[in-house]
Amino acid sequence: MKFCPECGAKLITQKFCQECGANISKYLNNKNNAESSGGLAGLDFSALENEASKQLKKQQALEKIKKDFEIKDGVLIKYKGKGGKVVVPKEVTVVGKNAFSHDRIMRSEITEVSFEGQVTEIGDAAFEGCYNIKSMVLPQSLKKIGKDAFACLGATTLELPRGGVFISDGAFAFSKLTSITIPGDAIFEKTNWFGGSGAFHNCTNLQYVTIENGFKWIHYRMFQDCKNLRSVTIPNSVAGIDFEAFYKCESLPSIQLPCNITTIPARAFSYCSNLARIEIPRGVTKIEIQAFDSCTNLTDVTLPEGLTHIGECAFANCKALTTITIPQSVTKIDDLAFRRCDNLRTVKLPMHLTPPYFIGSNFSVIRY
């Protein structure tokens, strides 16, 4: 089979290509060679055919990219393909907002995603609702993950790149992740009362979280409603935990808190109903409102010397708690701190404190 050295089309004439009109005879070595060898048949086309084949494949790849992706100045504006295994082309450096989530039917057909090039940013809601994606490898060049970028993602595992990637509010919310390792240099967007939720909130399949050394802060609602979370490894580099960070992590049996924190914030562990024991690190001076509210399986609480304040309803509804020792350093226990701790029978209390106001508990006070 002979191919045109100009466009790669099959040749059916000795002089001109019917596809592009190229003059084939100019590729003959000379007129005598052409005549003695029977014209076109005598020309060695092997090198030309290889090059033409490469050019043809390249052209076909470019046509597929144009068909499946809308790209402008390195930004993937929209994916228009049919789903299945998707390879984001090397020309892309930024995956734009809603790039894969703009079409409800199409996004459900995507099963796998990989990246050829040096992608540095994945925009807001780029893969939101892609619940049938089972495999995705994030590029190590990635520096920013936008808000809700992977919300409801179907993949169960995902490796976050190192190098200081910035992870926005709700980036993996409602996803099917079962485990995640958070690099020590990862930077999470700080959320607050006025809007937004943590990066992994409502990941109801999430069971195992490992936070690497170097990580600094666990933000507001970061793991809220991760109902099947069973194990969390937190390094001592963590200096703070925000309120509601582990709110309603119902399956968490225990947690080793980092030694550098100074406060257990409001509702940080509320409704962690399987939490059986907790040791508050030395250095913690305050346990805020409802910090351990409704930890109904909590039987063992160790409070450190140096603690000064136990907030309102801090241990409310801890129905399995039978005894508590209040350190000498405590100067204030707010009303209802142990509200509805129905089985609390013994409170060891420093001489300088008056008994806190309990409701529904027949407890005895041991002064020391």
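Preceding this section is the structure that the text describes.
Criteria and thresholds
- Residues numbered from 1 in each chain as written.
- Predicted model: local features only at pLDDT ≥ 70, side-chain atom pairs only at ≥ 80, totals over all residues.
- Heavy atoms only, no water.
- Helix = DSSP H or I, 4+ residues; strand = E, 2+ residues; numbered from the N terminus.
- Buried < 20%, exposed > 50% of the residue type's maximum accessible area, 1.4 Å probe, protein only.
- Contact = heavy atoms within 4.5 Å.
- Areas by Shrake-Rupley, 256 points an atom, 1.4 Å probe, with all protein chains shown as cover.
- Phe/Tyr/Trp six-rings, centres within 6.5 Å; stacked < 30°, edge-to-face > 60°.
- Core = buried A, V, L, I, M, F, W, Y, C linked by side-chain atoms within 4.5 Å.
- Polar contact = N/O pair within 3.5 Å; in protein donor to acceptor, adjacent residues only side chain to side chain.
- Pairing = 2+ DSSP bridges.
- Axes fitted to C-alpha atoms, helices over the stretch in contact; angles between N-to-C directions.

S.K.: I would appreciate a short explanation of the overall build of the protein chain in the present structure.
M.R.: Scanning the protein chain for helices and strands turns up three helices and 24 strands. The buried share of the protein chain, reckoned over its 368 residues, is 47%. In the protein chain, of all internal contacts separated by at least 6 residues, the share reaching a separation of at least 24 is 30%. Entry remark: accessible area of the protein chain is about 17700 Å², with carbon and sulfur atoms responsible for 48%.

S.K.: Looking at this structure, how should I read the packing of aromatic side chains?
M.R.: The relation between two aromatic rings is expressed through the spacing of the ring centres and the mutual angle of the planes. Within the structure shown, the criterion is met by 16 aromatic pairs. On the numbers, 5.5 Å between centres and 5 degrees between planes, the contact of Phe 200 with Phe 223 is stacked. Linking Phe 200 in the loop between strand S11 (187–188) and strand S12 (208–211) with Phe 223 in the loop between strand S13 (217–218) and strand S14 (231–233), this pair joins segments that are 23 residues apart in sequence. Per residue, the accessibility class of Phe 200 equals that of Phe 223, and both read buried.

S.K.: Sorry if this is basic, but what is going on with the nonpolar core here?
M.R.: Across soluble globular proteins, nonpolar side chains show a tendency to be buried alongside one another. Core analysis: the largest hydrophobic core is formed by 93 residues, its most contacted members being Phe 100, Phe 127 and Phe 246. Of all the secondary-structure elements, those providing two or more residues to this core are strand S2 (75–79), strand S3 (84–88), strand S5 (110–115), strand S10 (179–182), S12 and strand S23 (346–349). For Phe 246, the residues in contact, after removing those within four places along its chain, are Ile 218, Phe 223, Leu 229, Val 232, Ile 234, Ile 241, Ile 255, Ala 268, Phe 269, Ser 270 and Cys 272.

S.K.: Would you mind showing me how to read the side chain of His 219 here?
M.R.: By the element assignment, His 219 lies in the loop between S13 and S14. The class for His 219 is buried, based on a relative accessible area of 12%. A polar atom in the side chain of His 219 sits 3.4 Å from the side chain of Asp 242. If we skip the residues at most four places from it in the chain, His 219 touches Phe 188, Glu 189, Lys 190, Asp 242 and Ala 245.

S.K.: What is the right way to look at the sheet that holds strand S21 (residues 323–325) in this model?
M.R.: Picture the strands of a sheet paired through backbone hydrogen bonds; they go either parallel or antiparallel. Sheet architecture is open: three strands sit in the order S21-S23-S24, paired in parallel fashion. With one partner strand each, in any of the chains shown, S21 and strand S24 (364–367) form the two edges of the open sheet. Going from strand to strand, the sheet's axes swing by 15 degrees on average, the running direction of each strand aside. Looking at chain direction, S21 and S23 are connected through three bridges and run parallel. In the strand pairing of S23, Ile 324 is matched with Val 347.

S.K.: Sorry, what's going on with the sheet that holds strand S9 (residues 166–167) here?
M.R.: Pairing is mixed in the open sheet, where seven strands are placed in the order S1-S2-S4-S6-S8-S9-S11. Only two strands of the sheet have a single partner each, and these edge strands are strand S1 (69–72) and S11. As judged from the two bridges shared by strand S8 (residues 144–145) and S9, these two strands associate in the parallel manner. Across the sheet, residue Ile 145 finds its bridge partner in S9, namely Ile 167.

S.K.: Even after reading the chapter, I still don't get the environment of Cys 249, so can you show me in this structure?
M.R.: Looking at the secondary structure, you find Cys 249 in the loop between strand S15 (240–241) and strand S16 (263–264). With 47 residues separating them along the chain, Cys 249 and Asn 202 place their C-alpha atoms 9.6 Å apart. Apart from the residues within four sequence positions on either side, Cys 249 is in contact with Phe 223, Cys 226, Leu 229, Tyr 271 and Cys 272.

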